[in-house]
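# Notes for the structure review
Read off the chains here:
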Amino acid sequence: MSQTPQLAVNMVDPEPIRFLDAEGRYSPSSSAADYAAELDGVGIEEFQQWYRDMVETRAFDTESTHLQRQGQLALWVPSIGQEGCQVGLAHATEPQDHIFPAYREHTVAKVRGVNFTEMLKLFRGFTHGGWDVTDPANGNFHLYTLVLAAQTQHASGYALGQLLDAKARAASDTLDAGEQGIATGEATMVFYGDGTSSQGDANESMIFAASYQTPAVFVVQNNGWAISVPVERQSRTPLYRRALGFGIRAVQIDGNDPLAAYAVGRRFMRLAREGAGPGYIEALTYRIGAHTTSDDPTRYRETVELEAWRERDPIARLETYLRGQGVDDAFFEEVAAVADRKAKQVRDEILKMPPPDADSMFANVYSETHPRIEEQRVWLERYESSFEAEGETV
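This report concerns the structure included in the present document. The structure presented is a predicted model; accordingly, all values stated were derived computationally and were not measured.

## Description of unusual backbone geometry
For Asn140, which is not glycine, the phi torsion reads 55 degrees and is therefore positive. Mapped onto the fold, Asn140 is located in the loop between α4 (116-124) and α5 (150-169). Its identity is not glycine, yet Ala171 carries a phi of approximately 55 degrees, on the positive side. Relative to the helices and strands, Ala171 resides in the loop between α5 and β2 (188-193).

Printed below as a string of structure tokens:
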């Protein structure tokens, strides 16, 4: 019986870009040399802020899991283990940039200004949308998206708008095939996971971005598992190669190294703003916890794999680096205490928050009054009042 020949892949992948080794010592990979200059000017105070962002997010994350287990949240999506990638990329953006998340980008949300309590309102069912994206305090951080890959098309569309606005300012109305990009002064970053990379929407978005040279940067947090499906089942080659096939610059980084995430993110976002087209970053990280609080990862993951990634914890790695730079115990103790206090404060705030008015679910469906929405509003009022009428007759 003849056997099907196997596809031979001759491409040699460079080492993932890394500045900190697994223990947190400064030990750049050979692939990091081209990005080292991006860290110039980043001082110890900035690194300390990154550490604070990660620790506070993890404390909030842990408290949120407790709230869900106690029946106070409908669902929770942990991000423990992925804070390093997120904090570096978030700090690599500029205020005018726009961020389109999936549903696990809690550290990015914090850095951009979204209040943790506002985030929990979504998971508690107190809002049908989330935070106000138009409020400057929320840092152009768009709403969480539970529909896999939908945010990639939202981001591609928004980035095209940034491109068209720049063309209008330059009195240009061409969109010719093969045309180079144009400086926009702002860019769009979109986050998704390795599972989403298999969705048609994500691939269509890359085609769109490459075709029009939009100022978009795609970030794939490859955390090893699409719920219970390992990344090896989805792709026989590293995910960053997919973007290369679309003509998009793409690299693979150590996603648990915040320095690498910042350096590459800063370079790619700057190139996007300057008109050099889209970029793609595959961040190799790991989901330490469950996919969501509805998941049991012990049913499909080996303990030895989990423990190996625990040893590469991004918070521990940055702590080691900071201690090597002379940061003492007092700083780490203060950060831990503040993080614990803030997490408990969020818990208190969400538990004391009054339920929203039922009418709020109709408020922002359309920008203008819509007859179908008004019909539903009237029906709900009639339905709710029927219970009052029944009570009066008893």
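Back to the text.
## Examining the sheet that holds β2
The strand order across the open sheet formed by five strands is β1-β2-β3-β7-β6, and the pairing between neighbours is parallel. The open sheet has two free edges, formed respectively by β1 (98-100) and β6 (249-254), since each of these has just one partner strand. Neighbouring strand axes in the sheet, compared pairwise and without regard to direction, differ in orientation by 20 degrees on average. Pairing of β1 with β2, which is carried by three bridges, proceeds in the parallel orientation. Residue pairing in the sheet places Phe100 in a bridge with Val190 of β2. Along the sheet face, helix α9 (residues 258-273) touches β2, β3 (216-222), β6 and β7 (279-284) and points at about 165 degrees away from the line of β6.

## Details of the packing of aromatic side chains
Per the counting criterion, the structure on display carries 21 aromatic pairs. Each ring, one from Trp379 and one from Tyr383, has its centre 5.1 Å from the other, and the planes form 5 degrees; the classification is stacked. A residue pair is termed a helical-turn pair when its members lie 3 or 4 positions apart in one helix, as Trp379 and Tyr383 do in helix α13 (residues 371-393) at four residues. Since its relative accessible area comes to 48%, Trp379 is described here as partly exposed. Put simply, the rings of Phe60, Trp76, Phe116, Phe123, Trp131, Phe141 and Tyr144 touch in pairs and so form one group of aromatic residues. Just above the ring of Trp309 sits the side chain of Arg312; from NZ or CZ to the centre is 4.2 Å.

## Digging into the nonpolar core
Residues Ile17, Phe19, Tyr51 and Met119 are the most contacted members of the largest nonpolar core, which totals 65 residues. In terms of residues, this core owes the most to one element, α9, which gives nine residues. Contact partners of Ile17, with chain neighbours within four places excluded, come to Ser29, Ser31, Ala32, Tyr35, Val251, Gln252, Ile253, Asp254, Ala260 and Val264. With 20 residues, the next largest nonpolar core counts Phe100, Ala210, Val231 and Ala243 among its residues.

## Re the pattern of salt bridges
Under the counting rule described, the total for this entry stands at 28 salt bridges. The shortest N-O distance in the salt bridge between Arg58 and Asp313 comes to 2.7 Å. Here Arg58, found in helix α1 (residues 44-69), pairs with Asp313, found in the loop between α10 (303-310) and α11 (314-324); they are 255 residues apart in sequence, far enough to count as distant. For the pair Arg58 and Asp313, a shared accessibility class is recorded, and that class is buried. Of the charged contacts in the structure, one is a salt bridge between Arg317 and Asp254, with a shortest N-O distance of 2.9 Å. Within this pair, whereas Arg317 is found in helix α11, its partner Asp254 is found in strand β6, the two being separated by 63 residues in sequence. Take Asp254: its relative accessible area is 6%, and that puts it in the buried class. Members of the salt-bridge network, linked through shared partners, are Asp34, Glu38, Arg266, Arg267 and Arg270.

So, how was this worked out
Residues numbered from 1 in each chain as written. Predicted model: local features only at pLDDT ≥ 70, side-chain atom pairs only at ≥ 80, totals over all residues. Heavy atoms only, no water. Helix = DSSP H or I, 4+ residues; strand = E, 2+ residues; numbered from the N terminus. Pairing = 2+ DSSP bridges. Axes fitted to C-alpha atoms, helices over the stretch in contact; angles between N-to-C directions. Contact = heavy atoms within 4.5 Å. Phe/Tyr/Trp six-rings, centres within 6.5 Å; stacked < 30°, edge-to-face > 60°. Buried < 20%, exposed > 50% of the residue type's maximum accessible area, 1.4 Å probe, protein only. Lys NZ or Arg CZ within 6 Å of the ring centre and 35° of its normal. Core = buried A, V, L, I, M, F, W, Y, C linked by side-chain atoms within 4.5 Å. Salt bridge = Lys/Arg side-chain N within 4 Å of Asp/Glu carboxyl O.

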